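Tertiary structure, described
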Amino acid sequence: LPLAQRFYGDIGQRRIADLDLLVRPREVPEAERLLGKAGFRRTSRLLFGGTLASRFTPCLEYKKENLGLDLHWQLRSHPSFRVDYDRLWRTSETAAVGDRAFGVPSAEYELLTQILSIFTDVQLGTILLKSFVDVHKILEAVEESLDWDRFFLDRREEGLLRISVNVLDLALDALDARDRFPRLGSRLAGHASCVRWTRREKKMRLLERSKAALRNKSWAFPLYETTPFRTFSWWALSLPFRVAASPTGRQKWKQRVER
């Protein structure tokens, strides 16, 4: 809701599938208590307890009637990520929706949130144009004022440079927006060695919905700033925890087993 208000100008201008809340890890038990008091029930399952599951999943899912809610303690989880959460919280802002004020990430970390979301959805073959429109709206607000050199330096320190460069490169091609955002385009050109695929036609195939999405994973896996063995090992080890934490993931896995 705050994202729609901040960057679209009105909450009615953007389709919202669920609500996302971000809390510090130590605040998860209290957040769960408050959600239960408000009538939300947890639909995520935790394998071998919450402590171990929290290392492989970034959030828990909840439901109240037709309203879905994700309770996050991380933006995304992976051993190659070193997101500076202290800085994320320190630079957070407030945004008003109606007569209520909400804590929100800074524009920098809002953009990073969208980058990580797109990166995940591309791998799964479930990416929607809406995600790129979100990036476009954020860039409209911050492209001229954001210190892009600092942005990419911070992403390098967080182990997210290659992912950020490639997702933003993909977004500009998907939206045909390189002329619209020349400052970002020039900074991306300075990181051309990080770009996985250069041909636009090839990149556009990543936007096709796919059940296996093997092509998409071949694009994404080398972007993790760690060894291929560690990337694959973490993916295989974390899969049961991620499936258990996601009702949608459990349903898809059940369908695959039945087939």
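See the structure above.
Residues numbered from 1 in each chain as written. Predicted model: local features only at pLDDT ≥ 70, side-chain atom pairs only at ≥ 80, totals over all residues. Heavy atoms only, no water.

Moving on, we come to the overall build of the protein. The helix and strand inventory of the protein stands at 13 helices and six strands. Taken over C-alpha atoms, the radius of gyration comes to 18 Å for the protein, in line with the 18 Å a tight globule of 259 residues would show. Considering only C-alpha atoms, the protein reaches an extent of 50 × 50 × 30 Å along its principal axes. Within the protein, buried positions represent 46% of all 259 residues. In the protein, of all internal contacts separated by at least 6 residues, the share reaching a separation of at least 24 is 67%. Of the roughly 14100 Å² of accessible surface on the protein, 52% is carried by carbon and sulfur atoms. Positive and negative side-chain charges in the protein, numbering 45 and 33 respectively, have mean positions lying 7 Å apart. (Helix = DSSP H or I, 4+ residues; strand = E, 2+ residues; numbered from the N terminus. Rg over C-alpha atoms; globule rule 2.2 N^0.38 Å. Buried < 20%, exposed > 50% of the residue type's maximum accessible area, 1.4 Å probe, protein only. Contact = heavy atoms within 4.5 Å. Areas by Shrake-Rupley, 256 points an atom, 1.4 Å probe, with all protein chains shown as cover. Lys, Arg positive; Asp, Glu negative; His and termini not counted. Charge placed at Lys NZ, Arg CZ, Asp CG, Glu CD.)

An ideal rise of 1.5 Å per residue puts 26 Å on 18 residues; helix H5 (residues 107-124) measures up with 26 Å between its terminal C-alpha atoms. Burial analysis of H5 places 15 of its 18 residues in the buried class, the great majority of the element. Of the residues one or two after H5, glycine 125 is the one with positive phi, at around 75°. (Expected span 1.5 Å × (residues − 1).)

It is worth spelling out the nonpolar core at this point. Counting 49 residues, the largest nonpolar core has Leu111, Trp148, Phe152, Ile163, Leu168, Leu184 and Trp219 as its most contacted members. The set of elements that each furnish at least two residues to this core consists of helix H1 (2-8), helix H4 (85-90), H5, helix H6 (129-142), helix H7 (148-157), helix H8 (161-174), helix H9 (182-189) and helix H11 (214-220). Examining the composition of this core, we find that nine residues originate from one element, H5, more than from any other. Beyond its immediate chain neighbours, meaning those up to four positions away, tryptophan 148 contacts Leu111, Leu139, Glu143, Leu168, Arg183, Leu184 and Arg187. Ranked by size, the runner-up nonpolar core spans ten residues in total, among them Phe40, Tyr62, Leu71 and Trp73. (Core = buried A, V, L, I, M, F, W, Y, C linked by side-chain atoms within 4.5 Å.)

Bringing the packing of H5 against H7 into the picture now. At a minimum axis separation of 12 Å, H5 and H7 run at an interaxial angle of 55°. Considering the angle they form, H5 stands oblique to H7. The way H5 lies across H7 gives a crossing that is right-handed. Facing H5, whose interface residues are Glu108, Tyr109, Leu111, Leu112 and Ile115, H7 presents Trp148, Phe151, Asp154 and Arg155. Of the residues contributing to the contact of H5 with H7, the split by class is six nonpolar, no polar and three charged. (Axes fitted to C-alpha atoms, helices over the stretch in contact; angles between N-to-C directions. Parallel < 35°, antiparallel > 145°, perpendicular 65-115°, else oblique. Left-handed = near helix turned anticlockwise from the far one by under 90°. Nonpolar A, V, L, I, M, F, W, Y, C, P; charged D, E, K, R; others polar.)

Our focus in this paragraph is the sheet that holds strand S1 (residues 19-22). Taking strand neighbours across the sheet as the criterion, the four strands line up as S1-S4-S3-S2 in an open arrangement whose pairing is mixed. The sheet is open, and its two borders are formed by S1 and strand S2 (41-42), each paired with just one other strand. Here helix H2 (residues 28-37) sits on the sheet in contact with S1, S2, strand S3 (59-64) and strand S4 (67-72), set at roughly 165° to S4. (Pairing = 2+ DSSP bridges.)

Under the definition given, this model contains 20 salt bridges. Linking glutamate 108 and arginine 87 is a salt bridge whose minimum nitrogen-to-oxygen distance equals 3.0 Å. With glutamate 108 in helix H5 and arginine 87 in helix H4, this residue pair connects regions lying 21 residues apart in the sequence. Taken as a pair, glutamate 108 and arginine 87 share a single burial class, namely buried. With its nearest N and O atoms 3.1 Å apart, the salt bridge here joins arginine 150 to aspartate 154. Here arginine 150 pairs with aspartate 154, and both are found in helix H7, just four residues apart, close to one helical turn. (Salt bridge = Lys/Arg side-chain N within 4 Å of Asp/Glu carboxyl O.)

Among the secondary structure elements, glycine 12 is positioned in the loop between H1 and S1. Through-space distance from the C-alpha of glycine 12 to that of leucine 1 is 9.1 Å; in sequence the pair is eleven residues apart.

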